[in-house]
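# Geometric and topological summary
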Amino acid sequence: MTLTTPGSHLDALRNTAPLVHCITNYVAMNISANVLLAAGASPAMVHATEEAGEFAAFAHALSINIGTISPAWVEGILAAVNGAKAAGKPWVLDPVAHFATGFRRETVAKLMALKPTVIRGNASEIIALAGGASAAQGVDARDSVSAAEAAARMLSRNADCVVAVTGETDFVTDGVRAVWISGGSALMPQVTALGCSLSSLVAGYVGLEGADPFDATVAACAHYAVAGEAAAREAAGPGSFQPLFLDALSLIDAATLDEQARILPA
Amino acid sequence: MTLTTPGSHLDALRNTAPLVHCITNYVAMNISANVLLAAGASPAMVHATEEAGEFAAFAHALSINIGTISPAWVEGILAAVNGAKAAGKPWVLDPVAHFATGFRRETVAKLMALKPTVIRGNASEIIALAGGASAAQGVDARDSVSAAEAAARMLSRNADCVVAVTGETDFVTDGVRAVWISGGSALMPQVTALGCSLSSLVAGYVGLEGADPFDATVAACAHYAVAGEAAAREAAGPGSFQPLFLDALSLIDAATLDEQARILPA
Amino acid sequence: MTLTTPGSHLDALRNTAPLVHCITNYVAMNISANVLLAAGASPAMVHATEEAGEFAAFAHALSINIGTISPAWVEGILAAVNGAKAAGKPWVLDPVAHFATGFRRETVAKLMALKPTVIRGNASEIIALAGGASAAQGVDARDSVSAAEAAARMLSRNADCVVAVTGETDFVTDGVRAVWISGGSALMPQVTALGCSLSSLVAGYVGLEGADPFDATVAACAHYAVAGEAAAREAAGPGSFQPLFLDALSLIDAATLDEQARILPA
C-alpha cells in the first residue's frame with residue numbers, strides 16, 4: 001500500500017488496525033480509545049513500569065501524554081518510551097501544560113531527551129517548549145496557532161522531530177516541510193481531551209507500515225479537521241458534538257477525506 | 001462586574017473562564033471537565049503531591065472529591081488544599097460515601113479540619129457528615145434532601161462553610177441564609193458523576209473574582225437545575241440526557257437562567 | 001421474587017438495585033458506571049488496599065478487571081476479592097489481554113487461584129486462559145466466539161465457574177449447561193469498554209439475592225444483546241450508538257427482554 005494522500009493513509013489505518021499503546025491522562029483515556037476505534041485503529045492503555053516497556057515493543061506506535069502524571073506514571077512512561085525506541089517504534093509526545101509546575105518541566109525535559117517522533121500540542125505548549133513566553137495559565141491555549149509558527153519551526157529543527165500545533169487551524173512541520181490544515185470547529189476546545197485524543201490518533205497514523213511521520217501527522221490532522229467540520233454541521237453544542245464527531249471519524253471514507261481536506265503549504 | 005443574580009454569575013464565568021483545579025475520582029474526571037468547559041470555566045486535573053500545591057496556588061478555585069482515593073492521592077489532596085489556602089483560594093469538598101469505610105472516615109476528618117469553603121454532597125452524605133444516621137450503603141443517596149435540611153444547617157454552622165445538599169431539589173445554606181432550588185430531572189441520578197461534576201462547577205462559580213460563596217453556590221446549582229430541566233424535555237433516557245445536558249449548560253444565557261431559576265427562601 | 005427468565009432477573013435488578021463494587025480499568029470506569037445505572041444497579045468504584053476488602057464485604061457483588069493494573073491496584077484487587085469471598089459474595093473476573101505481558105500472566109494466575117464465580121472475556125482471552133494459542137496481539141479479539149467454545153467449556157470445568165465469551169454472538173457455560181445468545185451489533189466493538197462494562201453488569205445480575213450464576217450471566221448477556229440491537233437500529237455510527245445503548249438498557253422492560261432475547265442451547 002503506497003501512502004500518499006491522507007485518504008491513502010486512512011485506508012491503510014482501516015486495513016491494518018495498528019495497535020496504539022497509549023499512556024495518557026485520566027480525563028482523556030475513554031475518549032482517546034473511542035477516537036482510535038472510530039478512526040480504525042486498535043487502542044491499548046498500559047502504564048505500569050512492570051509491563052509498559054514490554055508492551056511498547058510489540059505495539060505499532062506509542063502515545064505519551066503528561067496530563068495527570070505522578071512519579072510512578074513517569075517511570076512507566078520512561079519504560080514505555082525506551083521499549084518503543086529499542087524496538088524501533090515511533091512515539092508521540094503530548095506535553096500538556098508542561099510549563100505549569102516544576103514537576104512537569106522536569107518530566108518534559110526527560111522526555112525531550114528521548115527524542116519523540118512527533119510532538120503535538122496547543123500553541124501555548126509549543127511556544128513554551130521552544131523556549132518562548134506563552135500567555136497560558138492552565139491547560140487551555142491562550143495563544144493563537146499562527147503565533148506559534150516560528151516556535152514550531154525552531155522546535156522541529158532543534159528536536160529533529162515533526163511538530164504539530166493544533167487549534168483553530170493546525171500547523172505541521174518537520175523543520176523543512178510545513179503546512180496549514182483548516183477545518184474543525186469552534187466546539188472542539190469545548191469538549192475535553194479532543195487535543196489529547198488527536199495525539200493518540202497521530203500515533204496510529206505514524207505507526208502505519210512505511211509511514212513518513214510528517215505525511216502521517218498531516219493525514220491524522222486532516223482526518224480530524226474534516227470530521228470536526230462534519231460534526232459541527234449537526235451539533236447543537238459541545239455535548240451533541242462528541243457523538244457526532246466519533247460518527248464522522250468512522251463514516252468518512254478515503255475519497256471524501258481527500259476531497260474535503262484543506263491543506264495549504266506554509 | 002457586580003455579582004447578584006445567577007445570571008450575573010454566569011456572565012462572569014464566561015467572561016473570565018476561571019481556572020478550576022480538580023482532584024476528583026476516576027469516574028468523574030471526563031464528565032467534570034466537560035461540565036466545566038460547557039459552562040464556561042477552564043478545568044485542570046492535577047493530583048500528584050509533587051505539584052498539586054504549586055498548581056492550586058495559581059488556580060482560581062480547587063475542587064476535591066474523595067470518590068476513588070488511595071493514600072498517595074490523599075497526600076496530593078492535602079498538598080492541594082494547603083496550597084489553595086495559603087494563596088487565599090476557595091475550595092469545595094465532595095465527601096463521596098465518606099461513611100462507608102474507616103479509610104474514608106479518616107480522610108474526611110483530615111479534610112474537614114482544613115475548613116472547606118463549600119461542602120456539596122447528597123442527602124445521605126450530609127446527614128452522616130453532620131453526625132446523623134443515614135440510610136445509605138454505597139455512593140447513591142438513600143435519604144431525601146428534605147430529611148437532610150436540619151443536618152445541613154447544623155453542619156454549616158459547625159464547620160463555618162456553605163453546605164449544598166443536592167438531589168430531587170437542592171438545599172443550600174451558609175448557616176444563616178438558606179434556599180431551596182427546584183429543577184433538574186429524575187434522569188440525573190441515572191447518569192454517573194453528575195453530582196461530582198456539580199461540585200467542580202460550584203468551585204468554578206466560587207472562584208469568580210468578588211464572589212460570595214453562598215450566592216455563587218446557589219448560582220451553580222441554579223445553572224445545573226435549569227440545564228437539567230431543558231435536557232430532560234428532549235431526552236429519551238439517561239444516555240441521550242448527557243449530551244443534551246452539556247449542550248444546555250453551554251446554550252443557556254444569563255437572562256434565561258435568571259428567568260427560569262426557581263429559588264425559594266427556606 | 002423467583003428468578004427464572006432474563007426478564008425476571010431484570011425486574012429483580014431494578015427492584016433491589018444491588019450495590020456492585022467495581023475495580024476496573026481507567027478507560028471503563030465511567031461507561032461501566034453508566035451501564036450499571038442505566039440497567040438499574042448501583043455502582044461503586046473502590047480500589048485502595050486500605051478499604052477494598054471492607055467495601056467488598058457489604059457490596060452485593062464484585063467486578064474485577066485487569067485492564068490498566070499496576071502493583072498497587074493488584075494489591076487492592078486481591079484485598080477486595082478476599083473480602084468478597086470471606087463474606088460469601090460472588091465475583092466476576094474480566095482478564096483483559098492477560099496473555100500480553102509477564103505482569104498480566106502473573107496477576108491473572110493469582111486471580112484464578114481465588115476462584116472467580118464468573119469469567120467474562122473475549123474469544124482471544126478465553127482461548128488463552130484455557131491454555132490455547134490465540135491470534136490476539138492487544139486488547140481487541142482476533143478470534144471468533146465459536147472458535148472459543150471448546151476452550152470455554154474446558155475452562156469452566158477446570159476452574160469450576162461460569163465462563164462467558166462475548167462477541168458477535170455470546171457463549172455462556174457452567175461446564176454442564178451451555179447457551180448461545182444472539183443480538184448486539186457490529187458497532188459494539190467500536191465503542192471502547194463495552195465488554196468491560198458487561199462484566200460489571202454480569203456482577204450486578206449475579207449479585208441478586210438467590211441468583212444462580214449461570215442464569216444470571218445469561219440474563220445480563222441477553223439484556224446487553226437486546227439493548228445493543230435496539231440501539232443499532234437508530235445509530236449512525238459508534239458515537240451515536242453509545243447514548244442510544246444506555247437509553248435502551250434503561251428503557252427495555254422485562255416483558256420485552258423475554259420476548260426479544262434469542263437464547264439457544266449449545
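The structure this text deals with has already been given above.
What follows is about the packing of helix H1 (residues 6-16) of chain B against helix H8 (residues 194-206) of chain B. Residues and elements named next belong to chain B. The geometry of H1 relative to H8 is characterised by a closest axis approach of 9 Å and an angle of 85° between their N-to-C directions. Looking at the two axes, H1 sits roughly perpendicular to H8. Counting all contacts with H1, which are made through His-9, Leu-10 and Leu-13, the residues of H8 involved are Leu-201, Gly-204 and Tyr-205. Residues of the contact of H1 with H8, tallied by class, amount to 4 nonpolar, 2 polar and no charged.

Across the boundary between the two partners, chain B contributes 28 residues, which contact 29 residues of chain A. Summing the contributions of chain B and of chain A, the shared interface buries around 2,200 Å²; its carbon and sulfur component is 57%. Of all residues in chain B, Leu-37, Glu-51 and Asp-247 of chain B give up the largest surface area on contact with chain A, accounting jointly for 22% of the area buried on that side. Connecting chain B to chain A are 1 salt bridge. With its nearest N and O atoms 2.7 Å apart, the salt bridge here joins Arg-104 of chain A to Glu-51 of chain B. Of all the secondary structure elements, the ones that give two or more residues to the side of chain B that touches chain A are helix H2 (29-39), strand S2 (42-45), helix H3 (49-58) and helix H10 (238-251) of chain B. The greatest single-element share of the side of chain B that touches chain A, amounting to 6 residues, is contributed by H2 of chain B.

Copy one and copy two of the chain differ by a rotation about a common axis and a shift along it. Superposing chain A onto chain C takes a rotation of 120° plus a shift of 0.0 Å along the axis, which leaves an RMSD of 0.0 Å. The symmetry that links the two subunits is that of a three-fold axis. In terms of proximity to the rotation axis, the leading residue of chain A is Tyr-26 of chain A, whose C-alpha is 3.9 Å off the axis. Comparing interface residues between copies, only 4% of those in chain A also lie at the interface in chain C; the contact surfaces differ.

Here we take up the interface of chain A and chain C. Every contact between the two is made by 28 residues of chain A and, on the other side, 29 residues of chain C. Summing the contributions of chain A and of chain C, the shared interface buries around 2,200 Å²; its carbon and sulfur component is 56%. If you sort the residues of chain A by the area they bury against chain C, Leu-37, Glu-51 and Asp-247 of chain A come out on top, with a joint share of 22%. Inspection of the chain A/chain C interface yields 1 salt bridge. Taken together, chain A and chain C are joined by 8 residue pairs in polar contact (both at pLDDT 80 or more). Put simply, the parts of the chain that give the side of chain A that touches chain C at least two residues each are helix H2 (29-39), strand S2 (42-45), helix H3 (49-58) and helix H10 (238-251) of chain A. The biggest single contributor to the side of chain A that touches chain C is H2 of chain A, with 6 residues. Partitioned by chemical class, the residues of the side of chain A that touches chain C number 18 nonpolar, 6 polar and 4 charged.

Turning to helix H5 (residues 102-112) of chain C, its buried residues number three or more, namely Phe-103, Arg-104, Thr-107, Val-108 and Leu-111 of chain C. Projected onto a plane normal to the axis of H5 of chain C, the buried residues spread over an arc of 125° and lie on a single side.

The next point concerns the packing of H2 of chain B against H10 of chain B. Residues and elements named next belong to chain B. Following both chains from N to C, one finds H2 and H10 inclined at 35°, their axes separated by 7 Å at the closest point. As H2 packs across H10, the resulting crossing turns out to be right-handed. Here Ile-31, Asn-34, Val-35, Ala-38 and Ala-39 of H2 come into contact with H10, specifically with Gln-242, Phe-245, Leu-246, Leu-249 and Ser-250. Within the contact of H2 with H10, the residues separate by chemical class into 7 nonpolar, 3 polar and no charged.

Next up on the list: the packing of aromatic side chains. The full count for this structure, using the stated rule, is 21 aromatic pairs over all chains. Seen from their ring centres, Phe-241 of chain A and Phe-245 of chain A are 5.6 Å apart, and the 15° between their planes marks the pair as stacked. Of this pair, Phe-241 of chain A and Phe-245 of chain A both sit in helix H10, 4 residues apart, roughly one helical turn. Here Phe-245 of chain A falls in the buried class, since its relative accessible area comes to 1%. Members of the aromatic cluster, connected to one another through ring pairs, are Tyr-26 and Trp-73 of chain A, Tyr-26 and Trp-73 of chain B together with Tyr-26 and Trp-73 of chain C.

Residue and element names in this part refer to chain B. Pairing is mixed in the open sheet, where 9 strands are placed in the order S2-S1-S3-S4-S5-S6-S7-S8-S9. The outermost strands of the open sheet, each flanked by one partner alone, are S2 and strand S9 (262-265). Averaged over neighbouring strand pairs, the angle between their axes works out to 20° when direction is ignored. When strand S1 (residues 19-23) meets strand S3 (residues 61-65), the two strands line up parallel, connected through 4 bridges. Across the sheet, Cys-22 pairs through a bridge with Ser-63, a residue of S3. The sheet strands contacting helix H9 (residues 213-234) are strand S5 (118-121), strand S6 (162-165), strand S7 (170-173), strand S8 (178-182) and S9, and the helix crosses S8 at an angle near 15°.

Take Thr-101 of chain A: it is sitting in the loop between strand S4 (91-94) and helix H5 (102-112). Residue class for Thr-101 of chain A comes out buried when judged on its relative accessible area of 0%. Ignoring any residue separated from it by four or fewer positions in sequence, one finds Thr-101 of chain A in contact with Glu-51, Glu-54 and Phe-55 of chain B.

All names here are of chain A. Taken in spatial order, the 9 strands line up as S2-S1-S3-S4-S5-S6-S7-S8-S9 in an open sheet, and their pairing is mixed. Two strands bound the open sheet, and with one partner strand each, they are S2 and strand S9 (262-265). Averaged over neighbouring strand pairs, the angle between their axes works out to 20° when direction is ignored. Its contacts with the sheet put helix H4 (residues 71-86) on strand S1 (19-23), strand S3 (61-65) and S4, and the angle it makes with S3 is roughly 155°.

Take the pattern of salt bridges next. Across all of its chains, the model carries 21 salt bridges over all chains by this definition. Between Asp-215 of chain B and Arg-177 of chain B there is a salt bridge, with its nearest N and O atoms 3.7 Å apart. Placement of Asp-215 of chain B in helix H9 and of Arg-177 of chain B in the loop between S7 and S8 is noted, with a sequence separation of 38 residues between them. Using a relative accessible area of 35% as the deciding quantity, one classes Arg-177 of chain B as partly exposed. Asp-212 of chain C is the salt-bridge partner of Arg-177 of chain C, the closest N and O atoms lying 3.3 Å from each other. Of this pair, Arg-177 of chain C sits in the loop between strand S7 (170-173) and strand S8 (178-182) while Asp-212 of chain C sits in the loop between helix H8 (194-206) and helix H9 (213-234); the two residues are 35 residues apart in sequence, bridging distant segments of the chain. Classification of Asp-212 of chain C as partly exposed rests on a relative accessible area of 27%. Salt bridges sharing common partners tie together Asp-174, Arg-177, Asp-212 and Asp-215 of chain A.

Cut-offs used in this document
Residues numbered from 1 in each chain as written. Chains lettered and ligands numbered in written order. Predicted model: local features only at pLDDT ≥ 70, side-chain atom pairs only at ≥ 80, totals over all residues. Heavy atoms only, no water. Axes fitted to C-alpha atoms, helices over the stretch in contact; angles between N-to-C directions. Helix = DSSP H or I, 4+ residues; strand = E, 2+ residues; numbered from the N terminus. Parallel < 35°, antiparallel > 145°, perpendicular 65-115°, else oblique. Contact = heavy atoms within 4.5 Å. Nonpolar A, V, L, I, M, F, W, Y, C, P; charged D, E, K, R; others polar. Buried area = accessible area lost by both parts, 1.4 Å probe. Salt bridge = Lys/Arg side-chain N within 4 Å of Asp/Glu carboxyl O. Least-squares fit on C-alpha atoms with pLDDT ≥ 70 in both. Polar contact = N/O pair within 3.5 Å; in protein donor to acceptor, adjacent residues only side chain to side chain. Buried < 20%, exposed > 50% of the residue type's maximum accessible area, 1.4 Å probe, protein only. Arc of directions from axis to C-beta. Left-handed = near helix turned anticlockwise from the far one by under 90°. Phe/Tyr/Trp six-rings, centres within 6.5 Å; stacked < 30°, edge-to-face > 60°. Pairing = 2+ DSSP bridges.

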